[in-house]
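# Inside the fold
Each chain is listed here by its residues.
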Amino acid sequence: MKIVLVIDQFDDANNGTTISARRFASALKAHGNEVRVIATGKPADYKYAVRQMRFFPIVEHLITSQGMRLAIPNKHVFEKAAAWADVVHFMMPSPLAVMGLRHVEKIGIPHTAAFHCQPENITFTLHMGNSRRVNDFVYGKFRDTFFNRFTHIHCPSAMIANQLRDHGYTAQLHVISNGISPEYVYGKRAKEDWMEGFFNILMVGRYAGEKRQDVLIEAAAKCRHAQEIQVILPGKGPLEKKYRHLAESLPNPVVMGFYEPARLIEILHMADLYVHTSDAEIEAMSCMEAFACGLVPVIADSPRSATPQFALDQRSLFPAGDSDMLAQRIDWWIEHPQERREMERRYAQHAGQYTLERSIEQAEEMFRQAIRERERKN
């Protein structure tokens, strides 16, 4: 198939949606498909380039601190892309996508969408993430302006598919994991000097309100084994300064910063435990990659997060936002190394059902359904 992916940012792998899109495109090509993208950045053989939106400095900082860029819609680009494509797949309900959808509808090109942007990703940034009314409003806007104009939507988890059904989304919902790349496999390596002598607890993710790294920092300080713990928070985002200040309460300095995937895999193979504190999460690839590499996860049990589905027992769950219970879970895993080693193997095996290969096969079938439907209408 000839597949066009519409995503505002594709070049810089500094947010989850872009990382998933790049992985998705590469895997689709490996399956024999031709893939092009409509995105900001420099023109390339695989890309229909569009210009980046510019905002006032405060707004610009807010967007870029989340690892995102927004594109200026350009109908001529969509004309070129649609003339080439068998199917157009929209990754985000951005202004670029809304305009592009109108165009592909007009010329009758098969099209599908993915639901990667949870309303909480927006509302927590505006300090309204816990307002059900505000989140419901965003679900409604997404539905009425964009998603209910599709017949097929890719949902990375059953949790988010249920949310869409509850909010009146009418498309066929395809629950397809974003998929774990094959390089994330079980492995252990000797700790580097900066990790040696510590019980290293890892959480990967943007420093954003819904991710709740503050809960991990508070829990680590409350642990009986606090003197042994080093908290490692790979990522970037607007709350970095806040979290650095909060982490001053820890006996050992927090480690923060952005890592490329190859380096992150090395750290995953040296760490001792993975914690995922998010209140809202569509799937949590970072958690999946961690347990694929052989780290036991301890996951916030939040109704707005799909991540609790990965827990193999209650030792890997704690009530969302409860730093006291998280501290108890961490202490338990520190004090039971044999159980931790056994569960590391079980979690790595558990990751086998979420392979990228399987996800690509399911996504291809979704595309074929959309193409067949269009052919029948024509």
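Please refer to the structure higher up on the page.
All values derive from a computational prediction rather than experimental measurement.

A few words on the overall build of the chain. Helix and strand content of the chain: 14 helices and 13 strands. For 378 residues, the compact-globule formula gives about 21 Å, and the C-alpha radius of gyration of the chain, at 21 Å, lands near that figure. Dimensions along the principal axes, computed over C-alpha positions, put the chain at roughly 65 × 45 × 40 Å. Burial status across the chain gives 58% buried among its 378 residues. The contacts of the chain with a sequence gap of at least 6 include a subset with a gap of at least 24, amounting to 68%. Considering the chain, the positive charge centre built from 46 side chains and the negative charge centre built from 45 side chains are found 6 Å apart.

Our next topic: the packing of helix α1 (residues 16-30) against helix α14 (residues 356-377). Running from amino to carboxyl end, α1 crosses α14 at an angle of 80°, the nearest separation of the two axes being 10 Å. Between α1 and α14, the interaxial angle falls into the category roughly perpendicular. Contact with α1, carried on its side by Arg-23, Phe-24, Ala-27 and Leu-28, involves Leu-356, Ile-360, Ala-363, Glu-364 and Phe-367 of α14 and no other residues of that element. The class makeup of the residues in the contact of α1 with α14 is seven nonpolar, no polar and two charged.

This paragraph deals with unusual backbone geometry. A positive phi angle, near 65°, is found at His-127, a position not held by glycine. By the element assignment, His-127 lies in the loop between α5 (119-123) and α6 (132-145). Of the residues examined, His-127 reaches a relative accessible area of 73% and is grouped as exposed. With phi around 60°, Arg-212 is a residue other than glycine that occupies positive phi space. By the secondary structure assignment, Arg-212 is in the loop between β8 (199-202) and α8 (213-222).

Between its terminal C-alpha atoms α1 stretches 21 Å, which fits the 21 Å expected from 15 residues at 1.5 Å a residue. All buried positions along α1 are accounted for by Thr-17, Thr-18, Ser-20, Ala-21, Arg-23, Phe-24, Ala-25, Ala-27 and Leu-28.

A few words on empty space enclosed by the protein. Inspection of the entire model under this criterion finds one cavity of 30 Å³ or more. The space that makes up the largest cavity amounts to roughly 90 Å³. Considering the residues around the largest cavity, the lining is formed by 13 residues, among which Ser-20, Phe-24, His-154, Ser-177 and Asn-178 are closest to the centre. Among the secondary structure elements, those contributing two or more residues to the lining of the largest cavity are α1 and α14. Among the residues making up the lining of the largest cavity, the classes are represented as seven nonpolar, six polar and no charged.

Strand order in this open sheet of seven strands is β3-β2-β1-β4-β5-β6-β7, and the pairing throughout is parallel. Only two strands of the sheet have a single partner each, and these edge strands are β3 (47-50) and β7 (172-175). Neighbour to neighbour, the strand axes of the sheet diverge by 20° on average, direction disregarded. As paired elements, strand β5 (residues 111-114) and strand β6 (residues 152-155) share two bridges and run parallel to each other. Following the sheet pairing, Ala-113 is matched in β6 by Ile-153. Helix-sheet contacts for α14 involve β1 (2-6), β4 (87-90), β5, β6 and β7, and the interaxial angle to β6 is about 175°.

Turning to the sheet that holds β8, a few remarks are in order. Taken in spatial order, the six strands line up as β10-β9-β8-β11-β12-β13 in an open sheet, and their pairing is parallel. In this open sheet, the two strands that pair with only one neighbour each are β10 (255-257) and β13 (317-319). Put simply, the sheet's adjacent strands are angled 20° from each other on average, direction ignored. Here β8 pairs with strand β11 (residues 273-276) via two bridges, running parallel. Bridged to Leu-202 within β11 is Tyr-274. The sheet contacts of helix α11 (residues 285-292) involve β11 and β12 (297-301), and relative to β11 the element is tilted by about 165°.

Quick look at the pairing of β5 now. Neither face of β5 is left uncovered, since the one carrying His-111 and Ala-113 and the one carrying Thr-112 and Ala-114 both have all their residues buried. In terms of strand pairing, β4 meets β5 through three bridges, oriented parallel. Looking at the pairing, His-89 lines up with Thr-112 of β5. Crossover connection from β4 via helix α4 (residues 95-107) to parallel β5: handedness right-handed.

Rules used in this analysis
Residues numbered from 1 in each chain as written. Predicted model: local features only at pLDDT ≥ 70, side-chain atom pairs only at ≥ 80, totals over all residues. Heavy atoms only, no water. Helix = DSSP H or I, 4+ residues; strand = E, 2+ residues; numbered from the N terminus. Rg over C-alpha atoms; globule rule 2.2 N^0.38 Å. Buried < 20%, exposed > 50% of the residue type's maximum accessible area, 1.4 Å probe, protein only. Contact = heavy atoms within 4.5 Å. Lys, Arg positive; Asp, Glu negative; His and termini not counted. Charge placed at Lys NZ, Arg CZ, Asp CG, Glu CD. Axes fitted to C-alpha atoms, helices over the stretch in contact; angles between N-to-C directions. Parallel < 35°, antiparallel > 145°, perpendicular 65-115°, else oblique. Nonpolar A, V, L, I, M, F, W, Y, C, P; charged D, E, K, R; others polar. Expected span 1.5 Å × (residues − 1). 1 Å grid on protein atoms, 1.4 Å probe; cavity = no way out; pocket = protein on both sides within 12 Å on 5 of 7 lines; lining within 4 Å. Points joined across faces, edges and corners; volume = space filled by probe spheres on them. Pairing = 2+ DSSP bridges. Right-handed = clockwise from strand over helix to strand, strands pointing away.

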